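# Survey of secondary and tertiary structure
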Amino acid sequence: MITARRLRRFLLVCSVAWIGACTDPAPEPAAREAPPDLVIINARIVTMRAGAPVAGAVAISGHSISAVGTTNEIRALAGPGTEVIDLGGNTVTPGIIDTHNHFAWGALGERAALDIEYPAVTSIEDIRNRIREIARELEPGEWIESSNWDAAKFEEQRDILASDLDDVAPENPVWLLHTSAHYGVANSAALAVAGITRDTADPDGGVIGRDEDGNPNGILADQAMGLISSVTPPVTTDDFVRAITAGVRGLSAEGITAIKDPEIDQRHWDAYQQVAENGDLTVRIATLWRVPDTMSEARDLLERIAPITMPTEQGDGDLVVSAGVKIYIDGSGTARTAWMHDDWSVDYTETDEGNTGLTYLETDVLFDQIRLFHEAGIHIGTHAIGDRAIDFTMDSYARVLDDSPIQGLRHSIIHSNLPTEHAMNLMVNLQRQYDAGIPEVQPAFLWWIGDTYVANFGVDRSLRVLPLRTFAERGIRWAGSSDYDVSPYAPRHAFWAASARQTMLGTYGENPWGTDESVPIHDTLSAYTASAARQLFLEDKVGVIEVGKRADIVAWDRDLYAIPVDELKEARPVLTLMNGDAVYRAGQ
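So, here is what we can say about the structure in this document. Each chain has its residues counted from 1, running along the sequence as written. The predicted origin of the model limits local features to residues at a pLDDT of at least 70 and limits the giving and counting of side-chain atom pairs to 80 or more, whereas totals for whole chains, interfaces and linings rest on all residues. To get the side-chain values, take all heavy atoms of the structure and skip hydrogens and water.

## What to know about the overall build of the chain
Secondary structure elements follow DSSP: runs of H or I no shorter than four residues count as helices, runs of E no shorter than two count as strands, and numbering proceeds from the N terminus. Secondary structure assignment for the chain yields 19 helices and 25 strands. We take the radius of gyration over the C-alpha atoms and set the globule estimate at 2.2 Å times the residue count to the 0.38 power. Whereas a compact globule of 588 residues would reach a radius of gyration of roughly 25 Å, the chain reaches 24 Å, a difference of no more than 12%. Taking the principal axes of its C-alpha atoms as reference, the chain extends roughly 75 × 50 × 50 Å. Buried means the residue's accessible area, taken with a 1.4 Å probe over protein chains only, is under 20% of the maximum for its type, while exposed means over 50%, and partly exposed covers the values in between. Here the chain holds 588 residues, and the buried ones make up 59% of them. Sequence separation of at least 24 residues holds for 75% of the intrachain contacts in the chain that already meet a minimum separation of 6. When the accessible area of the chain is evaluated, it comes to approximately 22,000 Å², of which 46% is carbon and sulfur surface. In this count, Lys and Arg are taken as positive residues and Asp and Glu as negative ones, while His and the chain termini are left out. Where a charge lies is defined by one atom per residue type, namely NZ (Lys), CZ (Arg), CG (Asp) and CD (Glu). Here the chain holds 47 positive side-chain charges and 87 negative ones, and the gap between their average locations is 6 Å. Working rule for contacts: check all heavy atoms of both residues, and any pair within 4.5 Å makes them a contact. Areas reported as accessible are Shrake-Rupley estimates using a 1.4 Å probe. Residue values count occlusion only from the protein chains shown.

## Brief notes about the sheet that holds strand β4 (residues 57-61)
Taking strand neighbours across the sheet as the criterion, the four strands line up as β5-β4-β1-β6 in an open arrangement whose pairing is mixed. Of all strands in the sheet, those bounded by a partner on one side alone are β5 (64-69) and β6 (83-86). The average undirected angle you get between the axes of adjacent strands in this sheet is 15°. When DSSP finds two or more bridges between two strands, those strands count as paired. Simply put, an axis is a line fit to the C-alpha atoms, just over the touching stretch for a helix, and the angle between two N-to-C directions goes from 0 to 180 degrees.

## Description of the packing of aromatic side chains
In this analysis, rings of Phe, Tyr and Trp, with Trp reduced to its six-membered ring, are considered paired at centre separations within 6.5 Å, and the interplanar angle assigns stacked below 30 degrees, edge-to-face beyond 60, and tilted for intermediate values. Counted by the stated rule, this structure contains 16 aromatic pairs. Look at Phe-103 and Tyr-489: their rings are 6.4 Å apart centre to centre, the planes differ by 55°, and that puts the pair in the tilted class. Here Phe-103, found in helix α3 (residues 103-110), pairs with Tyr-489, found in the loop between β22 (479-480) and α17 (491-500); they are 386 residues apart in sequence, far enough to count as distant. Using a relative accessible area of 16% as the deciding quantity, one classes Tyr-489 as buried. Taking 5.0 Å as the distance between ring centres and 90° as the angle between the ring planes, the aromatic pair formed by Trp-105 and Phe-240 counts as edge-to-face. Residue Trp-105 is found in helix α3, and its partner Phe-240 is found in helix α8 (residues 237-253); the two are separated by 135 residues along the sequence. An aromatic cluster of three or more residues is present, and its members are Trp-344, Phe-445, Tyr-453 and Phe-457. Remark: a charge is flagged as sitting over a ring if the NZ atom of Lys or the CZ atom of Arg is within 6 Å of the ring centre and within 35 degrees of the ring normal. For Arg-399, the ring lying beneath its charged end belongs to Phe-367, and the centroid distance is 3.7 Å.

## Quick word on unusual backbone geometry
Across the junction of Tyr-118 and Pro-119, the peptide omega takes the value 5°, indicating a cis bond. Mapped onto the elements of the fold, Pro-119 is located in the loop between α3 and α4 (124-135). One non-glycine residue, Arg-410, lies in positive phi territory at about 60°. Here Arg-410 is to be found in the loop between α12 (387-403) and β20 (412-415).

## Some details on helix α15 (residues 450-462)
What a helix is expected to span follows from its residue count: subtract one and scale by 1.5 Å. Taking 1.5 Å per residue, 13 residues should reach 18 Å; α15 reaches only 10 Å between its end C-alpha atoms and comes up short. Two axes are fitted around each residue, one to the seven residues ending there and one to the seven starting there, and the angle between them is reported as the bend at that residue. The largest bend along α15 measures about 70° and falls at Asn-456. Burial analysis of α15 places eleven of its 13 residues in the buried class, the great majority of the element. Along its buried surface, α15 packs onto β17 (345-346) and α14 (445-448).

## Some remarks on α17
Most of α17 is tucked away, with ten of its ten residues classed as buried. For α17, the set of buried residues is Pro-491, Arg-492, His-493, Ala-494, Phe-495, Trp-496, Ala-497, Ala-498, Ser-499 and Ala-500. Following α17 by one or two positions, Arg-501 adopts a phi angle in the positive range, close to 50°.

## Quick look at the sheet that holds strand β9 (residues 144-149)
Strand order in this open sheet of five strands is β9-β10-β11-β13-β12, and the pairing throughout is mixed. Looking at strand neighbours, the two that pair on one side only are β9 and β12 (206-210), the edges of this open sheet. In this sheet, neighbouring strand axes are inclined to one another by 20° on average, regardless of whether the strands run parallel or antiparallel. Note: strand β11 (residues 183-186) against strand β13 (residues 216-222), three bridges, orientation antiparallel. In the strand pairing of β13, Tyr-183 is matched with Ala-221. Set on the sheet, α4 makes contact with β9 and β10 (174-178); between it and β9 the angle comes to about 160°.

## Here we look at the environment of Gly-450
On the secondary structure map, Gly-450 appears in helix α15. Overall, the relative accessible area of 0% leaves Gly-450 in the buried class. The spacing of Gly-450 and Thr-334 is 116 residues in sequence and 9.3 Å in space, taken between C-alpha atoms. Discounting residues that sit within four places of it in the chain, Gly-450 has contacts with Phe-445, Thr-503 and Trp-513.

So, in structure tokens, the structure goes:
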């Protein structure tokens, strides 16, 4: 077992050794004779280029990278009108690409009147007090909605129940979504509006929480949440337009230049298009359409999106792209509804007897959906958290690829929290043969929801969650993401968490994840740049700093390869370029 101190030394040595082995590449010629618009000099330019991974400076002309080389070589290209930024030895990387970010919904949630996210609240009583104040200003029957509470961060160390909410809002329906977005709590007024009683059966792929007498306790998980969402006030395209417009520069401020929003419907698509047309979109957007539950509805969706889903044909001016579809296999690790081979754990050392999670649909329907979209040449992102769900997903990919060997669709395993040896063997084989089977993972889960996760995965399985070093050793390409707003989207959290593997509160010790699966910063940066660009079908345009690529670039406030691991979570951009435009400057 690697100790925390040895880990920090190992990761720092890895980074320094990697940098020391690289020399400035020969300068690439400027794309045109006119002086560049911007040069960044005296920097650690991490290009992500094979054979020339580090340079000292970079030049930008218009929307593109026009030269990469040493500081002296690039400085010589500058003219009287060229902006010159001396970075003082700090790191420059390609723009950060988040391959799983529910930004439309997350941005909407940021505008909620009720904030129930840690650290704004630290107890159920805090939430009760906030709801009481809001309810006083509302008419009977008006809804109170919010999201992102987490029982692991409450003083009470338990879920909110309907009984906690009924007396503070007796005449107002309340729906509070958990930070995982896989379960939530409704008060009795909301349960009544939805018609949920003790006689209501659990829907397929969902769970209605019940007290010891069999009465609904307010908890609704996975597909059961649809019973509430079908009766809450509707959210319109205009609502999403306002939320995206108000929040998108927050992504730029964290160095994010592209995202994949993995669960859209027509409202989100129209909203993103509108924000782009308004000139307010500062990131590239790839979208995945949520596949409905029935095969008939899935075929209707395919017919509707196939004409616009051609991610390999993105034009230079395309900021919003239909990239494929998303299919849910199982639930979540926080609600213990992900599909497992063995029973879930509870409280880290105990067993949730008889609970191996669930599948959203019957497995034959899930396979038929995967086959339908694969044979149509559509990229698929499949949500699979539990080890059994991941095995099913990889087996399904292998079957459809064997029957229809289509290259380059880059089907992904979203989350891929606990892959088995069998699953990883298939990842290796399918990536080599078909460019498919790519894990899209969220290192920040280890931190943000880590205390809940280790409690549910248990002592032994926790050591195998997100096996990033094993991925590297096996040659498995993975892509990074946040799953915002399940966890914050700032990539600095992932940079740190992938190396440190520590939970937020340390409820079950300093390193319940262990450190054997920790990786150095370069691995994580590669997953969020070059690898992630491939998952958005953008590798010909971004993800690498080289001449001719679009200038999606981040200049950081420190040298990410020279600082202690603990400082990674403090790293922030000083400049973010998207398409050559400065979409964020620190202090402005």
